[in-house]
Amino acid sequence: MKRLISTTINGRERELAVAPNRTLLEVLREDLQLTGAVEGCGVGQCGSCTVLVDGRPVSSCLTLATNVEGRSVTTIEGVAPAGQLSAVQQAFINRQAFQCGFCTPGMIMAVEGLLRDEPGAGEAQIRDYLSGNLCRCGTYSAVIDAVKDVIAEVGAARDRASAG
Amino acid sequence: MRRFELLEPESFTAASAALLEHPEAKAIAGGTALLILIKHGVYIPELLVNLRKIPGMADITWDAATGLRIGALASINDVERSPLVREHLPMLAEACHVVANIRIRNLATIGGNVAHGDYQSDPPTALVALGAVVELTTATGSRDLPLADFLLGAYETALEPGELVSAVRVPPPGAGWRSAYLKFTTRSSEDRPAVGVATLLQLDGGTVREARLVVGAVTVTPSRMTEVEAYLGGRTLDAGTLAQVGRMVAARIEPIDDIRGSAAYKRRLAGVQAERALELCSTMGAAR
Amino acid sequence: MTSIGIDAPRVDGPAKVTGQATYTADIVLPGMLHAKVLRSTLPHARLVRIDVSAAERELGVITLTRDDLAGIDPYYGAVLKDQPVVAIDRVLFAGDVVAVVAAESRDIAEEALDLIEVEYEALPSVGDPFAAQAPGAPILHAERNTPEVQFLDMKSVHFQADSNVCSIYHVAQGDFEAGYAAADHKFDDVYTVPTIQHGHMEPHASTAYWEPGGKLVVHTATQNPSVIRTQLAEMFSLPESMVRVIVPYLGGGYGAKTYPKLEPIVAVLSRKAKRPVSLVLTREEVFMTAVRHAASVRIRTGINNDGQIVARKVEATYDTGAYADIGPRTCKNGGYASGGPYRIEHQDLTSYCVYTNRPPSGAFRGFGVPQVCWPYESQMDDMARRLGVDPVALRRQNLIHEGDTFVTGDKLIAIGLDKCLEEVASAIGWKGIESTRPMPSDKPGFVRGIGIAVMIKSTMTPSNSAASVRLNSDGSATLLTSSVEMGQGPHTALAQIVAETIGLPLNRVTITFPDTDFTPYDQSTSSSRTIFSMGHAAQKAGLQIRDQLLEIAAKQLEASPGDLQIEEGIIAVKGSPDRSLTIPQAFRAHFGTPVGSLFGAFDFQTTGGLRPEDGKGKASAFWFLSAAGAEVEVDTRTGKIRVIKAVTVVDTGKTINPRQCWLQNEGSMLTALGSALQEEMVFDNGQPVNSSFLDYLMPSMEDYPDEFQSMLVETPHPEGPFGAKGMGEAALGPVAPAIGNAVSNALGGIRLRDLPLRPERVLDAIDAAAASGAAASGAAASGAAGAGNGGEAAR
């Protein structure tokens, strides 16, 4: 039987009727037409369905939709205002950190988690944190470069702020 | 996924009562193991009891006398990042850090991890080495069981009908113990452990006063190497001692074959990794 | 040139980083049903009874079984039509399609599968090509359809009947037996590679519906829309114009999405359902839909004391699985490349494509060549070690060169392999024979080594690509093409070619997605042929537009067309920039007002083909040449290998977009690294054991080498646009043997011949070498290294 839950999706409060067997990924894609998160493996191993729940990256394919009741979900569609790009998205474009693009939204969401959890990460930490997001096209070097760019930018901005 | 019904109790006692009332039902917490079984058709439920809406069961607390208490619904990542865990039980933080990936660590719970009884996992090995106790709750009360006694076999635990893991407790390790957890994968960084070794040492200068050594992921439950622990007492961790440890572990462990390696290979691996874990522990393992 | 050889930003960037890029599974049509497949639980069985009545009755689903195939040709297949839409009399592998249901939701469809009753009569099965050829083995395809004539290159493939050998390809020159007998040293080894997965992150997905007028429309994740159209037209006896195939972005393909996969299923089921039907596979089902051929390769080589390779015989046996798919071509192309890029007087090369009760093997990045490059490049290093010479020098001595005649009879042109070899040796830090010795690691129990390898590979030949370019009156242009954007970047690179050809700013050129109602024929987005073939067609089509513009402008500017240039959309007299026209002005001059279109269209067919009698002729329109280098660290106590550094060098002919080429090489390297170290589909009694990403591990960001370098050399090809050749899969082949050679060098000459180089295998090899008294670590002199070599003495 469907249950009503209230949740926040990309900053907007929503009332959703979800069946017990529905995953967050299904609800995002099919009920809310947020198709940026995609299913690559269905078992939490590839990262293509990564979204943030209360700021933390999770596999939406292994999250029962009912469990986001009262929580805040951020998808790739919510990382920047419409028509704009987040710093991470811009860095991915600058570094051409994508090929087929199927893993890209999940990868970017994982990077958002990384920036929150380990804002000063070096390459080893970047690899450690993102190693659960698979890319078969072979774009890891570009992703690492893009993340380093963002971290350097944030660091530089902080330095400027503290100097000013 | 095939359709199922879901009960969402708001307390552990209510959850326990629901499980007693519906013996076919299973409890689901993080869901990272159970949902895969359901998706793969290995388990086709009619009813699940969702524990995720139970408040206050994810707390991690420390008491100098009784040690650490981790609410069953704390995520693996909560445990890893807990300042209390990092301060008092760094080995447990490490064993949690090497589980799967950040997304799974954010979803999976410590209670689910031990209740699932999966031998191909890291935290149970560390927790057994640390002498962890599981707190088992029913509608009518609760009991404690050492994790080593709780884990009975592959996906087999001492959980009684209607019982739920409500917390995992780790006694204070005492002063002067160093610890290390060492995971070894045979295929990818993202693989489950082919072997995991947890070790604790109390050193007196270069001499071992007391040691604990547990080898996990090669046997259906973590294997504590008591004879090796006894052997280590009073010795220095030189090359000869380590080599003997490796031989002893290899001789005593009875690994099971799986896709990560044959029994014969894992036997050798267990020995080598035991040596390395001890070495790591003695040189790098945080002492307190 | 302004648009060629630059890191043009990818046009698909904004869509892909925002999650707005559309993949097939994102497409939702009104009234669409969701399909699920019931798959065989047995590797080989007779289908006795199948009963869907309970599923239909209790859940109201629509089903597809063998009883729903009236009025159509239920068989499809790239080369041989041997694969039915659903099982008819037998199932041929665990995972074969038995029935399909369509329901309002996926979960109901899934539940309906549980209600279908199937009765099997188990039959003996064959798990590998050798069991399949054993006396008394069950014959999987007793009746064969005739090979498709659509592929001109298939004439040289000898199809077999009455056995499980599907096809054989053979080519030879000289007299192997005599050459081998006279050689100073003889090597005779068997190498194997297992079944692996493509690992495209987007699972296969297709959606179909029928228009009231009888037209079939299919949205599908395919690499070759034109072929899908043909196959579906044949299945339903429709004119090709009544089949419309539309392809959005693909989330990777690597060969797995070539030729029909789900399209026949959704086409037949939507016909019955009279509603759109969508089928999106789970990852587990992907493992049962397309795999890379496992292979066992016996390679015999005779080499003289002076380092000259004189004779080579290769027998490569490929496991093509339950259905032929494109296997006969994979095996043919692997077959003639199995001698390697070397001048060898006496060669005898045979490849066998063999049916087994396994998931069907098909195209996979590298297309049959990684299976043979692994043997010949591994054995090359063993030969160098035996002779006590530098393996790089040994390759240099024997390499093919410009103008040589290949074993197929091809006159080799645009051959920059020597440059690839020198570049890779330099980049990996090769120091001659000294580099064949173990290098120390700062970690006790670990050793390091470096290794290199080279490769030659063909492209699908002959083949057709047609392009149509439309220039609008505002100076913007559209390239209509059926080339598929699956990550490799044709939407950007083809735009660069068109912009450069006509003389337009890059941002004024748009590339269409394939839609067979509008975009012309293209054989396939595979075989790394898009830049070479579609690029050529697009260039020719663009030139037609350029010529029209020049003619129009010549009249207006009172100059001869030869004196004009077009740059950035401005047509001007060379040297007199004030005598110029914009494109809208040219349109106004031509049409009286700036409206209308200028068209260009070209169908480029590469020529070639091999003769049936001797397998010779022209095998390839161009040749891929590449080299790879690897530095590894081996944990001698556990056998675990880590690749520290990887280098790939590819001869692109002419690089259109260096950044994209880097990423293509990185992808080839990463897939090959996985195949070298960790990837392998495991079967137990015909049942797949690890068909999930939990148990099949592809390289992660932590598995990725500490350092990767991609280098490009340019040996222009006369038929390629601006000299460009294909490059997308070129780097894959040599990576695994480069890693294997680095491991061998790290371990003082120990040779592993079976992929993947699992830690357990490495440790066993170290043990075996130690037991036989050969050095496993430290300073094995090159002359003393019989270790692990199954060469002349052993046989």
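Residues numbered from 1 in each chain as written. Chains lettered and ligands numbered in written order. Predicted model: local features only at pLDDT ≥ 70, side-chain atom pairs only at ≥ 80, totals over all residues.

Next up on the list: the overall build of chain A. The secondary structure content of chain A amounts to five helices and five strands. Beginning at the N terminus, the succession of helices and strands in chain A can be written as β-β-α-β-β-β-α-α-α-α. At 16 Å, chain A has a C-alpha radius of gyration in line with the 15 Å of a compact globule built from 164 residues. Each of the three principal axes of chain A carries a C-alpha extent, and together these read 55 × 40 × 30 Å. When the 164 residues of chain A are sorted by exposure, 61% land in the buried category. (Helix = DSSP H or I, 4+ residues; strand = E, 2+ residues; numbered from the N terminus. Rg over C-alpha atoms; globule rule 2.2 N^0.38 Å. Buried ≥ 20, exposed ≤ 12 C-beta atoms within 10 Å, placed from the backbone.)

What follows concerns the sheet that holds strand β27 (residues 597–605) of chain C. All names here are of chain C. With mixed pairing, four strands are arranged side by side in an open sheet as β23-β22-β21-β27. What marks the edges here is a single partner per strand, and that holds for β23 (509–511) and β27. Going across the sheet, the axis of each strand differs from the next one's by a mean of 20°, ignoring polarity. Across four bridges, strand β21 (residues 464–472) lies against strand β22 (residues 477–480) in antiparallel orientation. From the neighbouring strand, V469 faces β22, where its bridge partner is L479. Here helix α13 (residues 490–502) sits on the sheet in contact with β21, β22 and β23, set at roughly 140° to β23. Lying over the sheet, helix α14 (residues 530–557) contacts β21, β22 and β27, oriented at roughly 145° with respect to β27. (Pairing = 2+ DSSP bridges. Axes fitted to C-alpha atoms, helices over the stretch in contact; angles between N-to-C directions. Contact = placed C-beta atoms within 7 Å.)

Below, the discussion takes up the sheet that holds strand β13 (residues 207–216) of chain B. All names here are of chain B. Ordered in space as β11-β12-β13-β14, the four strands form an open sheet in which the pairing is antiparallel. Every other strand in the sheet has two partners, leaving β11 (177–184) and β14 (223–224) as the edge strands with one partner each. Relative to β13, strand β12 (residues 195–204) runs antiparallel, the two sharing nine bridges. Looking at β13, one finds that A198 is bridged to V214. Here helix α12 (residues 263–283) sits on the sheet in contact with β11, β12 and β13, set at roughly 35° to β12.

Next up on the list: the nonpolar core. Counting residues in each nonpolar core, the largest one holds 403 residues, and the members touching the most others are L92 of chain B together with V101, A102, V498 and V735 of chain C. Not counting the four nearest positions on each side in its chain, V735 of chain C is found in contact with A628, A646, T648, S668, M669, A672, L673 and A676 of chain C. (Core = buried A, V, L, I, M, F, W, Y, C linked by C-beta atoms within 7 Å.)

Let's shift gears to unusual backbone geometry. Residues and elements named next belong to chain C. Residue T461 is joined to P462 through a cis peptide bond whose omega torsion reads -10°. Position of P462 relative to the elements: it lies in the loop between β20 (446–458) and β21. The peptide bond linking L755 to P756 adopts the cis configuration, its omega dihedral lying at -5°. Tracing the backbone through its elements, the reader meets P756 in the loop between α17 (732–746) and α18 (759–771). In this model, S527 sits at a positive phi of 60°, which is unusual for a non-glycine residue. Looking at the element boundaries, S527 is found in the loop between β23 and α14. Even without a glycine there, the phi angle at E568 is positive, about 50°. Mapped onto the elements, E568 comes out in the loop between β24 (564–567) and β25 (570–573).

Let us look at the interface of chain A and chain B. Each partner contributes to the interface: chain A provides 24 residues, whereas chain B provides 22 residues. Looking at the side of chain A that touches chain B, the elements with two or more residues in it are β4 (56–59) and α3 (104–117) of chain A. Class assignment of the residues belonging to the side of chain A that touches chain B gives a composition of ten nonpolar, 13 polar and one charged. (Nonpolar A, V, L, I, M, F, W, Y, C, P; charged D, E, K, R; others polar.)

Note: interface size is frequently given as the accessible area lost on complex formation between the parts. Between chain C and chain A, the residue contacts involve 42 residues of the former and 39 residues of the latter. Contributing elements (two or more residues each) for the side of chain C that touches chain A: α1 (13–17) and α16 (658–677) of chain C. A total of eight residues in the side of chain C that touches chain A trace back to one element, the largest contributor, which is α16 of chain C. Split into classes, the residues belonging to the side of chain C that touches chain A amount to 17 nonpolar, 15 polar and ten charged.

Turning our eyes to something else, we now look at the domain arrangement of chain B. Residues and elements named next belong to chain B. On domain assignment, one finds that chain B holds domain 1 (5–50), domain 2 (60–170) and domain 3 (179–283). For domain 2 and domain 3, the distance between their C-alpha centres works out to 21 Å. On the domain 3 side, the residues contacting the 18 residues of domain 2 number 20 residues. Those elements giving two or more residues to the side of domain 2 that touches domain 3 turn out to be α5 (90–97), α8 (123–129) and β8 (151–153). (Domains from an automatic or database assignment.)

Let's shift gears to the domain arrangement of chain A. Residues and elements named next belong to chain A. Domains assigned within chain A are domain 1 (3–78) and domain 2 (87–158). For domain 1 versus domain 2, the distance between C-alpha centres works out to 21 Å. The partner domain 2 presents 14 residues to the 15 residues of domain 1 that form the contact. Elements with a minimum of two residues in the side of domain 1 that touches domain 2: β3 (50–53) and β4. The greatest single-element share of the side of domain 1 that touches domain 2, amounting to three residues, is contributed by β3. Within the side of domain 1 that touches domain 2, the residues separate by chemical class into eight nonpolar, six polar and one charged.

This part is about the packing of helix α11 (residues 239–252) of chain B against α12 of chain B. Residue and element names in this part refer to chain B. Following both chains from N to C, one finds α11 and α12 inclined at 145°, their axes separated by 8 Å at the closest point. The way α11 lies across α12 gives a crossing that is right-handed. Side by side, α11 and α12 meet where L242, V245, G246, R247, V249 and A250 of the first sit next to R267, R268, A270, G271, V272, A274, E275, L278 and E279 of the second. When its residues are assigned to classes, the contact of α11 with α12 shows eight nonpolar, two polar and five charged. (Left-handed = near helix turned anticlockwise from the far one by under 90°.)

Residues and elements named next belong to chain C. At a minimum axis separation of 8 Å, α13 and α14 run at an interaxial angle of 35°. α14 is crossed by α13, and the crossing has right-handed handedness. Judged by residue contacts, P490, A493, L494, I497, V498, T501 and I502 of α13 engage T530, I531, M534, G535, A538, Q539, G542, L543, I545 and R546 from α14. Residue composition of the contact of α13 with α14, grouped by class: eleven nonpolar, five polar and one charged.

Once that is clear, we can look at the confidence of the model for chain B. Confidence in the prediction of chain B, expressed as mean pLDDT, is 96, and 99% of residues score 70 or more. Prediction confidence for the complex, expressed as pTM and ipTM, is 0.97 and 0.98 respectively. (pLDDT = per-residue confidence, 0-100.)

Here we take up the pairing of strand β7 (residues 97–103) of chain C. Residue and element names in this part refer to chain C. Most of β7 sits out of view: seven of its seven residues are buried. Of the pairings in the sheet, the one linking strand β1 (residues 33–39) to β7 comprises six bridges and is antiparallel in character. Of the residues in β7, the one forming a bridge with H34 is A103. Bridge count for strand β3 (residues 62–64) against β7 is three bridges, and the pairing is antiparallel. When the sheet's bridge partners are listed, T63 is paired in β7 with V101.

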